[in-house]
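# Structure at a glance
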Amino acid sequence: MPGIDKLPIEETLEDSPQTRSLLGVFEEDTEAISSYFSQLFKAMHRIYDAQNELSTATHLTSKLLKDYEKQRFPLGGDDEVMSSTLQQFAKVIDELSSCHAVLSTQLADAMMFPITQFQERDLREIVILKEVFQIASDDHDSAINRYSRLSKRKENEKVKNEVMEDVYTSRKKQHETIMHYFASLNMLQYKKKIALLEPLLGYMQAQISFFKLGSENLTQQWEEFLTNIGTSVQNVRREMDHDAEATEQTIHDLKAASDPLYMPDLDPNKIPVNRNLTRKTGYLNTRYKTGLVSSSWERQYFFTQGGNLMSQSRGAVAGGLVLDIDNCSVMAVDCEDRRFCFQITAFDGKKAVILQAESRKDCEEWIATINNISKRIYLSENPEEIAARVNQSALEAVTPSPSFQQRHESFRPSTQSRPKAGRSGSQCSAGSESPALSSLSLDSLVAPDTPIQFDIISPVSEEHTSQAKSGAQGRRTNPFGESGGSKSEESEDSILHQLYIVRFLGCMEVKATESADVISETMRQILAARAIHNIFRMTESHLLVTCECLKLIDPQTQVTRLRFPLSSVVLCASHQENKSLFGFVLKTAGGREDGRHLTVCYVFESNNDGEKICDSVGLAKQIALHSEMDRKSTQKQRELDKAKEKQQEELHKQKQIEKDLEEQSRLIAASSRPGQPAADGQFLVLSNSQSEDSDAGEEGQKKGESEA
């Protein structure tokens, strides 16, 4: 290549000062090349690392977009449009990730490999040759010095020969080393240009290939898709801006309207007291007794629903019943340490609560609202409306709202009229539910007028009682499908044994078994019925989950209270919000008098997570299913083995019959030739009995051939 400066290899033996000076220039150039390429190597390595990170990040983004439909957001519904759009984006980004991976591979081969080789091989070789040349030059100088000090007077041939041999060896070594060193320095002038241009060429070619690959994959269809998505994003942005403006206006209006309400104790002349309210909500301080003479106050959110005063702590899922304000008495009281206090006393005088409002106006409105509710219920309505409102309020108070929006909208004042109940009165027995409450439930899930059982009734004791009353009636049929004591206990070698502490809330007959909504509806009705009838006692038991059945065991006596066959459990689910509540649906044959199936839902409260108990029941059913399949498979294999054995016996009998027929045929053939002597020279004479036997053999052979 023209324009390349070279070191004169022909002058290496002379090793003149001019040659050494020129060598110094080349060595300085080598150091400059090494420094420059070190920086260039770092820059290209950063490009390569960034490309690898981009490829990894692109692949991770595609994976996260594919997993979007598996995510469950508390406030987000099932947006199929968004899910399908993100799936298409994931497909595009996945293709881009493949392109980036190809680009990373090409950069590693075409860019990083040449410059790495130049760094680690060529420059390293120059450094090693420089060190070797320095050592050889020093050895040659030492040998020349020894040769120059040879004595002229005392010549020793042996010493002279050794010194001359040393000079020869060192000079030869120096000459060879400096020639290789000069050659490497000359080649370095070419290699530095190659090492500089080849990585850049590989980088540009890899980028061009990447862009071509991207243009081939991103077709016109993807361009239209991206254009549509861009339009949708702009529409969403405009909608967001419009909503933001409306929200800002709403905030501005609320600030202007709420400015007088920021002051806790307002002048009644500015904002008059509204004494016609029938619904009231707000924060109040309630007093709790902490000792004989001491008390404490707690701030809670209070609201009225129907004829009940409810309270809810901050962060709680649902409110709880504080007091039944039907026919109650309310009045302002004077507390020593608090202002604006009033007291509500139940109609029977057994329970009273003292509450503190934020202002005099708030206190008077609470007193007027409670008086209006009590008067409205007992003076202006008929008994049907009274029962409907009481049951509706108890149902809303006990059961958490199914969603975030419904839970908060239920606390807002409503101007709509309440629906009237379809039936009058309410049954107050522990074994039946209010007709008004039944009218609120879904007829497709729970049958109307369904009785509720709140206590566990042992099927064994019922059987003995019924037999003692009337022996002719036979065994009593349990209306809830539990099996009695006549059934044998399951084997103790079950694979699964899970024990949980549960409390029985109640059970009732249901209609549908296809969805878990029937369990939620049953929980709602049972909890509401308990609140209406003031039933707070629950029977605690141990629930044993095995592969054969579910058992309710008395924790004191270890006696089985109830036993549910696992095959009759058709559904098991926990409450969506209160995870301590769970239930299962039991379907039994012949539970009714007419022989139809009886479907009952049992509801329990547990110290454990209800989902874990439901998972245990599901696992037990899976194990039982696999066991049943294995049993059927084993039984079928046994039947096949028996059929094969029977077939082998039939074949053996057939072969024996054929063998007997052949023997009889041989005897008959021998008897048909009476004049022919036997093998020993004697004649064979057949008797009449033998002839009859041979005739019977022929008939048997013909019969066998016809059967075959």
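The present account deals with the structure reproduced in this document.

Once that is clear, we can look at the overall build of the protein. Secondary structure assignment for the protein yields twelve helices and 15 strands. Intrachain contacts of the protein at a sequence separation of at least 6 include 66% that bridge at least 24 residues. By element, 52% of the accessible surface of the protein is carried by carbon and sulfur atoms, the whole surface being about 44400 Å².

Time to look at the packing of aromatic side chains. For the coordinates displayed, the defined rule picks out 13 aromatic pairs. Ring geometry for phenylalanine 584 and phenylalanine 604: centres 5.7 Å apart, planes at 20°, overall stacked. On the criterion of sequence distance, the pair formed by phenylalanine 584 in strand 14 (residues 581-588) and phenylalanine 604 in strand 15 (residues 598-606) is long-range, its members being 20 residues apart. Taking the relative accessible area as the measure of exposure, phenylalanine 584 reaches 1% and is therefore buried. Residue phenylalanine 604 is classed as buried on the basis of its relative accessible area, which comes to 1%. Clustering of aromatic rings is evident, with ring pairs tying together Phe504, Phe564, Phe582, Phe584, Tyr602 and Phe604.

Further remarks concern the packing of helix 1 (residues 17-66) against helix 2 (residues 80-148). Contact pair helix 1 / helix 2: the axes reach a minimum separation of 8 Å and the direction vectors enclose 160°. Relative to helix 2, the element helix 1 is oriented roughly antiparallel. Relative to helix 2, helix 1 is oriented so that their crossing is left-handed. Split into classes, the residues belonging to the contact of helix 1 with helix 2 amount to 26 nonpolar, 18 polar and six charged.

Moving on, we get to the sheet that holds strand 3 (residues 308-312). Strand order across the open sheet formed by seven strands is 4-3-2-1-7-6-5, with antiparallel pairing between neighbours. Since the sheet does not close on itself, it has two edges, and those belong to strand 4 (320-324) and strand 5 (329-333), each with one partner. The sheet shows a mean angle of 40° between the axes of neighbouring strands, direction not considered. As paired elements, strand 1 (residues 281-289) and strand 2 (residues 295-305) share nine bridges and run antiparallel to each other. Bridge pairing links threonine 281 to phenylalanine 303 in strand 2.

So, on to the pairing of strand 11 (residues 549-553). Summarising burial for strand 11: five of the five residues are buried, a large majority. Of the two faces of strand 11, both are covered, the one formed by Cys549, Lys551 and Ile553 as well as the one formed by Leu550 and Leu552. Taken together, the four bridges between strand 10 (residues 539-546) and strand 11 define a ladder with antiparallel strand orientation. Bridge pairing in strand 11 places leucine 544 opposite lysine 551. Adjacent in sequence and paired antiparallel, strand 10 and strand 11 are bridged by two residues. Sheet analysis places strand 11 next to strand 12 (residues 560-565), joined by five bridges and oriented antiparallel. Opposite leucine 550, over in strand 12, you have phenylalanine 564 as the bridge partner. The hairpin turn running from strand 11 into strand 12, its antiparallel successor, is six residues long, and glutamine 558 in that turn takes a positive phi close to 60°.

Here the focus is helix 11 (residues 610-671). The terminal C-alpha atoms of helix 11 lie 91 Å apart, and with 62 residues this matches the ideal 92 Å at 1.5 Å per residue to within 8%. If you check which residues of helix 11 are buried, you get Gly610, Ile613, Cys614, Ser616, Val617, Ala620, Ile623, Leu661 and Ile668.

In total, this model carries two cavities of 30 Å³ or more according to the counting rule given. Forming the boundary of the second largest cavity are Asp122, Glu125, Ile126, Ser184, Met187, Leu188 and Lys191. Contributing elements (two or more residues each) for the lining of the second largest cavity: helix 2 and helix 3 (157-217). Ranked by residues supplied to the lining of the second largest cavity, first place goes to helix 3 with four residues. For the lining of the second largest cavity, the residue count by class is three nonpolar, one polar and three charged.

Before going further, it helps to spend a moment on the environment of threonine 116. Secondary-structure assignment places threonine 116 in helix 2. It is 9.8 Å that separates the C-alpha atoms of threonine 116 and phenylalanine 37, two residues lying 79 residues apart in sequence.

So, on to the pairing of strand 15. The buried count for strand 15 comes to eight of nine residues, which makes it a mostly enclosed element. In terms of strand pairing, strand 9 (residues 497-509) meets strand 15 through seven bridges, oriented antiparallel. Bridge pairing links glycine 506 to valine 603 in strand 15. In terms of strand pairing, strand 14 meets strand 15 through eight bridges, oriented antiparallel. If you follow leucine 586 over to strand 15, its bridge partner there is valine 600.

Criteria and thresholds
- Residues numbered from 1 in each chain as written.
- Predicted model: local features only at pLDDT ≥ 70, side-chain atom pairs only at ≥ 80, totals over all residues.
- Heavy atoms only, no water.
- Helix = DSSP H or I, 4+ residues; strand = E, 2+ residues; numbered from the N terminus.
- Contact = heavy atoms within 4.5 Å.
- Areas by Shrake-Rupley, 256 points an atom, 1.4 Å probe, with all protein chains shown as cover.
- Phe/Tyr/Trp six-rings, centres within 6.5 Å; stacked < 30°, edge-to-face > 60°.
- Buried < 20%, exposed > 50% of the residue type's maximum accessible area, 1.4 Å probe, protein only.
- Axes fitted to C-alpha atoms, helices over the stretch in contact; angles between N-to-C directions.
- Parallel < 35°, antiparallel > 145°, perpendicular 65-115°, else oblique.
- Left-handed = near helix turned anticlockwise from the far one by under 90°.
- Nonpolar A, V, L, I, M, F, W, Y, C, P; charged D, E, K, R; others polar.
- Pairing = 2+ DSSP bridges.
- Expected span 1.5 Å × (residues − 1).
- 1 Å grid on protein atoms, 1.4 Å probe; cavity = no way out; pocket = protein on both sides within 12 Å on 5 of 7 lines; lining within 4 Å.
- Points joined across faces, edges and corners; volume = space filled by probe spheres on them.

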